[in-house]
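# Report on the structure
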Amino acid sequence: ETGVTQTPRHLVMGMTNKKSLKCEQHLGHNAMYWYKQSAKKPLELMFVYSLEERVENNSVPSRFSPECPNSSHLFLHLHTLQPEDSALYLCASGRGGVGTDTQYFGPGTRLTVL
Amino acid sequence: DQQVKQNSPSLSVQEGRISILNCDYTNSMFDYFLWYKKYPAEGPTFLISISSIKDKNEDGRFTVFLNKSAKHLSLHIVPSQPGDSAVYFCAASAKGSSNTGKLIFGQGTTLQVKP
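The paragraphs below set out a description of the structure included in this document. (Residues numbered from 1 in each chain as written. Chains lettered and ligands numbered in written order. Predicted model: local features only at pLDDT ≥ 70, side-chain atom pairs only at ≥ 80, totals over all residues. Heavy atoms only, no water.)

As a further point, take the state of the cysteines. Covalent bonding between the sulfur atoms of two cysteines defines a disulfide. All names here are of chain A. This model, assessed by the stated rule, comprises 2 disulfides over all chains. In this model C23 forms its disulfide with C91; the gap between the sulfur atoms is 1.9 Å. Every disulfide takes its handedness from the sign of the S-S torsion; for C23 and C91 that torsion is -70 degrees, giving left-handed. With a gap of 68 residues between them, C23 in strand 3 (residues 18-25) and C91 in strand 9 (residues 87-94) connect regions that are remote in the sequence. (Disulfide = S-S within 2.5 Å. Helix = DSSP H or I, 4+ residues; strand = E, 2+ residues; numbered from the N terminus.)

All names here are of chain A. Direction of pairing for strand 7 (residues 64-70) relative to strand 8 (residues 73-79): antiparallel, over a ladder of 5 bridges. Within strand 8, the residue paired with S65 across the bridge is H77. Hairpin remark: strand 7 followed by strand 8, antiparallel, with 2 residues in the connecting loop. (Pairing = 2+ DSSP bridges.)

Looking at the element boundaries, L47 of chain B is found in strand 5 (residues 45-51). Not counting the four nearest positions on each side in its chain, L47 of chain B is found in contact with W35, Y36, K37, D59, F62, L75 and Y88 of chain B. (Contact = heavy atoms within 4.5 Å.)

Before going further, it helps to examine the nonpolar core. Ranked by internal contacts, the top residues of the largest apolar core, which has 24 residues, are F33, W35, L73, L75 and Y88 of chain B. Secondary structure elements with two or more residues in this core: strand 3 (19-25), strand 4 (30-38), strand 5, strand 7 (62-67), strand 8 (72-77), strand 9 (86-94) and strand 11 (109-114) of chain B. No other element matches the 4 residues that strand 9 of chain B contributes to this core. The contact partners of F33 of chain B, leaving out residues within four places of it in the chain, are Y25, I48, S49, I50, S52, L66, L73, A91 and A92 of chain B. In this structure, M46, C68, Y89 and L111 of chain A belong to the second largest nonpolar core, which totals 22 residues. (Core = buried A, V, L, I, M, F, W, Y, C linked by side-chain atoms within 4.5 Å. Buried < 20%, exposed > 50% of the residue type's maximum accessible area, 1.4 Å probe, protein only.)

The next point concerns the sheet that holds strand 3 of chain A. Residues and elements named next belong to chain A. Read from one edge to the other, the open sheet built from 4 strands follows the order 1-3-8-7, with strand pairing classed as antiparallel. Two strands close off the open sheet at either side, each with one partner strand: strand 1 (4-7) and strand 7. Averaged over all pairs of adjacent strands, the angle between strand axes in this sheet comes to 20 degrees, irrespective of strand direction. (Axes fitted to C-alpha atoms, helices over the stretch in contact; angles between N-to-C directions.)

With that settled, consider the interface of chain A and chain B. Tallying the contact residues gives 24 residues for chain A and 24 residues for chain B. Of the roughly 1,900 Å² buried at the junction of chain A and chain B (both faces included), carbon and sulfur atoms supply 58%. At the junction of chain A and chain B, the tally comes to 0 salt bridges. Broken down by secondary-structure element, the contributors of at least two residues to the side of chain A that touches chain B are strand 4 (31-37), strand 5 (44-50), strand 6 (53-57), strand 9 and strand 10 (104-105) of chain A. (Buried area = accessible area lost by both parts, 1.4 Å probe. Salt bridge = Lys/Arg side-chain N within 4 Å of Asp/Glu carboxyl O.)

Residue and element names in this part refer to chain B. On the secondary structure map, S80 appears in the loop between strand 8 and strand 9. Owing to a relative accessible area of 1%, S80 belongs among the buried residues under this scheme. A polar side-chain atom of S80 sits 2.8 Å from the main-chain carbonyl oxygen of R17. Residues contacting S80, with those up to four places away along its chain left out, are V13, Q14, E15, G16, R17, I18, S19, R61 and V113. (Polar contact = N/O pair within 3.5 Å; in protein donor to acceptor, adjacent residues only side chain to side chain.)

This next bit is on the sheet that holds strand 3 of chain B. Residue and element names in this part refer to chain B. The strand order across the open sheet formed by 5 strands is 1-3-8-7-6, and the pairing between neighbours is antiparallel. Each end of this open sheet is capped by a strand with a single partner; those strands are strand 1 (4-5) and strand 6 (56-59). Both strand 7 and strand 8 contribute to a ladder of 6 bridges, which runs antiparallel. Across the sheet, residue V64 finds its bridge partner in strand 8, namely L75.

See below:
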């Protein structure tokens, strides 16, 4: 399955580092999403981009900075993270819109903050 | 406040029998429901969905039932196979003006199918 790809698959970083997560979708979708999955918790929506415009920011701390240069690519820039930010970060894409949208997920980036 | 709840963290079933995974929701505005399957070290994979205008949708071994009055949906897998062992998430989206297709997920149920 190569519909939604994410790199890197694993990332270990210190609290003072700056890194970026990359997501690419090959499904011709208009909407892209970042989710966070922490242990024992449901997937939490972080950001939504529709037609390259950020349409939702779920009260995410400013140390997470998304970027969507075009409808196929989505980045999550990370800086001065905390150990509690360690989690699985998942990217998804969909057609967008209300109601009947199905989202397709990438494999995720497992992030560890030391 | 959790709008989508999967109250059973785990379920164990014998191969060949039926697996029934349950999900409850609180938001009456939800009009589209999905089930995803997730293996370790992979992203969730879409399984099956149902619109609120239906009460049943079937795809091969997978059937989703929706009871709107009870705000409850269930996923039936029959016959269950060892390869079905994974974490299953239900998700829902609501009508609204934001037009973002936002999904709300449950906590997941770990299904183990024993040979």
